[in-house]
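For reference, the chains in residue letters:
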Amino acid sequence: MAAHDETAAKIDKASADNQLLKSTVKNIRDLLTGAPNDLYARVVDELVDHGAWDELNDRFYKTLEFGTGGLRGRTIGKIVAKAERGNAGPDERPQFPCVGTNSMNFANVNRATQGLVAYAKEWHTQNKIDTPPKIVIAHDTRFFSDEFTGLTAKVAAENGCDAYIFDGPRSTPELSFAVRHLNATAGIVITASHNPPHDNGYKVYFADGAQVIEPHASGIIAKVKAIKRESYEPLPKDRQGSVKTLGKDVDEAYMKRLETLIVDPGVLSGAKTLRIVFTPLHGTGAVTLEPMLKRLGFNFEIVPEQEKFDPRFGTVKSPNPENAEALTLGIELAKKTNADVVIATDPDSDRLGVAVRSATGEMKLISGNQIGSLLAYYRLKKFFDLGILNRENASRAVVIKTFVTTDLQKVIPEHFGVRCVETLTGFKYFGAKLEKYERALPPEIRKQYRQLSEEETRAARLKYSSFYVFGSEESYGYSGADFVRDKDGNAAGIMFCEMAAYAKSRGRTVDQLLDEAFAGFGYFEEKNGSLYFEGAEGADKIARLVESYARKPPGEIAGSKVVGVTDFEKQTIRDVEGDVIPKQKMSIFELEDKTRIAVRGSGTEPKIKYYIFAQRRPEKGKFAVEQLSQIKSDIGRRLEEVWNWVEKDARTRVAQ
């Protein structure tokens, strides 16, 4: 700091005046002490000169935490310093990513990679594996994704790992597949999924192809925390690893496996009559799902403006297929072409959103819960119709959902005599279950499991273990097989189009098929709400609010008594298989009128999330059409009423 005495004095004064947090001051000094060049100092000088205290607090109030999912944060600041802008024009991406300990930049990517490599090498030693760790790295279409990938591969190789990269953007599910296909030690995806354009992230996978859970999570986090500086001494050349670019053979292997998701190939013979509009929302869905739809013979058009990679996601407010606005161009094209369905994947193609032409001829969005329920219903029905599942082996089949996903996805498998397992939010928990089922197979099958065909693995799981039929979370994530250990938007697109083709072959629209399920199983509807709190102050508000529900749960909500409270942090909760659910700061309130409210902080965005569930079950037989219409109206009003109460109560809690 000696060379920047004036800046240091201003920082001290801002700290004394409570404009800068003490942690901000410490982190600024730590970063500048270990800086590899003068860029960081120039950016800090500039922001201090402009009195941009809020910006400095947001960038430096903490070190970007390497959590169980890796890193995620701003790679372009709210204020872009001239030093960061560099030689880029005003409308171009800055030359350098956002400087700050709490930002997604070269320093944090470097530290994360050093930590992961250290853990991978230690794991190889503990397991007596004498080959160097192998790490596969993929990236999406975001700003700096390519550069972060190059840096990750370089750091991994110079520290003794073999790094495998793709020749361009690839989806998150393909990375999960590639880790298993190549028998790698770990995998990394540079992505912030559907976050705004200014964000990026770094997601870590382990040898099973799933995002890391315990004990790997704590082990990797500890190694990353131990890395204080970007600088490191590369190993001697003869001990360094290599960086290899993957060929099209991995793409082809993944796509061949995706073909096996079609449950009933007979349905595809009439698929040409189903008209589909697809949008990848400027992301990696164009790499895989577009050629897969062609390959399977579906009749589709792609939204031309959204086929091109664009890190700005310039045609949408947010590249999130959960949001109606993101499907606007797709719906417009569907109206022009009289298409039956619109499917949309997010930038890293792990989520799927849809709109369908309703029985009245209008385009209508259906929720993530409804998409998942339809796919579970169709796939189970078909597996039984085709005799793949039957009364004798149904107990070996399993559907997985999260606690905050509709209970309709529990009722449907139970109707078929199939087990439903509930997990915490996050497909890493689905991955852990799939790994458990794989480990339950006889050793001779496990040794060759990844080389077996889908039909062979299914037969083995039905005979010795558990056959995974389908998994879903309400936030538009779906999976239909265990060759990918994460949610898969490419797979979801294929599964949805098969189900829609089936509905059309029966003279039904997709929403009519959904009503068929509601009439028989019961009407289930959900409402999700979020309260956003940005920056350092916001993080504190979210933590206090989540804690308040555990400390002082409501006794009554919107006129209905709270008859049950589940605290996932303090109680020991087991799933239907007897496995203990990991602790998490989440509360679920059960009301007397069967309404359920779950509350948890988001793991990836600055918000607290609320999930409200309502249901009405037929007392006998099925709901008639008129009954269903009235129930939908009643439940819709009840959900609004509960959300209004919850939102008002939350504001009161925050103010206390």
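In this report, we go over the structure that sits alongside the text. (Residues numbered from 1 in each chain as written. Predicted model: local features only at pLDDT ≥ 70, side-chain atom pairs only at ≥ 80, totals over all residues. Heavy atoms only, no water.)

Describing the side chain of Arg458
Mapped onto the secondary structure, Arg458 falls in helix H18 (residues 454–464). In this structure, Arg458 is buried with no salt-bridge partner, the nearest side chain bearing the opposite charge being Glu455 at 5.1 Å. Not counting residues within four places of it along the chain, the set of residues in contact with Arg458 comprises Phe383, Ile388 and Phe467. (Helix = DSSP H or I, 4+ residues; strand = E, 2+ residues; numbered from the N terminus. Buried < 20%, exposed > 50% of the residue type's maximum accessible area, 1.4 Å probe, protein only. Lys, Arg positive; Asp, Glu negative; His and termini not counted. Salt bridge = Lys/Arg side-chain N within 4 Å of Asp/Glu carboxyl O. Contact = heavy atoms within 4.5 Å.)

Some details on the packing of aromatic side chains
Enumeration according to the criterion identifies 18 aromatic pairs in this entry. On the basis of an interplanar angle of 80° and a centroid distance of 5.4 Å, the ring pair of Phe106 and Phe148 is categorised as edge-to-face. Taken as a pair, Phe106 in helix H6 (residues 106–126) and Phe148 in helix H7 (residues 145–158) lie far apart in primary sequence, 42 residues in all. A relative accessible area of 0% means that Phe148 is categorised as buried. Where Trp123 meets Phe206, the ring centres are 4.9 Å apart and the plane angle is 80°; that geometry is what we call edge-to-face. Residue Trp123 is found in helix H6, and its partner Phe206 is found in strand S5 (residues 199–206); the two are separated by 83 residues along the sequence. Accessibility expressed as a relative area gives 3% for Phe206, which makes it buried. Pairwise contacts between aromatic rings join Tyr549, Phe589, Tyr610 and Trp643 into one cluster. Looking at Arg93, its charged tip hangs above the ring of Phe144, at a distance of 3.7 Å from the centre. (Phe/Tyr/Trp six-rings, centres within 6.5 Å; stacked < 30°, edge-to-face > 60°. Lys NZ or Arg CZ within 6 Å of the ring centre and 35° of its normal.)

Considerations on the nonpolar core
Formed by 99 residues in total, the largest nonpolar core has its most connected members in Ile343, Phe496, Ile608 and Tyr610. Sequence-distant contacts of Tyr610, defined by excluding residues within four places in its chain, comprise Lys527, Asn528, Gly529, Leu531, Leu545, Tyr549, Ala598, Val599, Trp643, Val646 and Ala650. (Core = buried A, V, L, I, M, F, W, Y, C linked by side-chain atoms within 4.5 Å.)

What to know about the packing of helix H14 (residues 368–385) against helix H20 (residues 510–521)
The contact between H14 and H20 brings their axes to 10 Å, and the two run at 80°. If you check the angle between H14 and H20, you find them roughly perpendicular. Only Val510, Leu513, Leu514, Glu516, Ala517, Phe518 and Phe521 of H20 make contact with H14, whose side of the interface consists of Gln370, Leu374 and Tyr377. (Axes fitted to C-alpha atoms, helices over the stretch in contact; angles between N-to-C directions. Parallel < 35°, antiparallel > 145°, perpendicular 65-115°, else oblique.)

Points about the pairing of strand S4 (residues 186–190)
In terms of residue burial, S4 counts as a mostly covered element, since 5 of its 5 residues are buried. In terms of strand pairing, strand S2 (residues 134–139) meets S4 through 5 bridges, oriented parallel. Bridge assignment links Ala138 to a residue of S4, and that residue is Val189. The sheet contact formed by S4 and S5 spans 5 bridges and is antiparallel. What sits directly across from Ala186, in S5, is Phe206. (Pairing = 2+ DSSP bridges.)

Some remarks on the environment of Glu456
Position of Glu456 among the secondary structure elements: in helix H18. Look at Glu456 and you get partly exposed, because its relative accessible area is 43%.

Here's the deal with H14
Here H14 is 18 residues long and its end C-alpha atoms lie 26 Å apart, about the 26 Å a rise of 1.5 Å per residue gives. The buried fraction of H14 is high, at 15 of 18 residues. Just beyond H14, the residue with positive phi is Gly387, at close to 80°. (Expected span 1.5 Å × (residues − 1).)

Remarks on the sheet that holds strand S11 (residues 363–366)
One open sheet holds the 5 strands; their spatial order is S8-S7-S9-S10-S11, and the pairing between them is mixed. The sheet terminates laterally at strand S8 (299–302) and S11, the two strands that pair on one side only. Mean inter-strand twist for the sheet, computed between neighbouring axes without regard to direction, equals 25°. Against the sheet, H14 makes contact with strand S10 (352–357) and S11, and its axis sits at roughly 85° relative to S11, the strand it touches most.

Structural notes on helix H13 (residues 328–337)
Those residues of H13 lying buried are Gly330, Ile331, Leu333, Ala334 and Thr337. Down the axis of H13, the buried side of the element spans an arc of 160°, and every buried residue falls inside it. Opposite the buried face of H13, by more than 90 degrees, sit the exposed residues Lys335 and Lys336. Looking at the packing, one finds that the buried side of H13 touches strand S7 (275–279), S8, strand S9 (341–345), S10 and S11. Just downstream of H13 lies Asn338, where phi reads positive at about 60°. (Arc of directions from axis to C-beta.)

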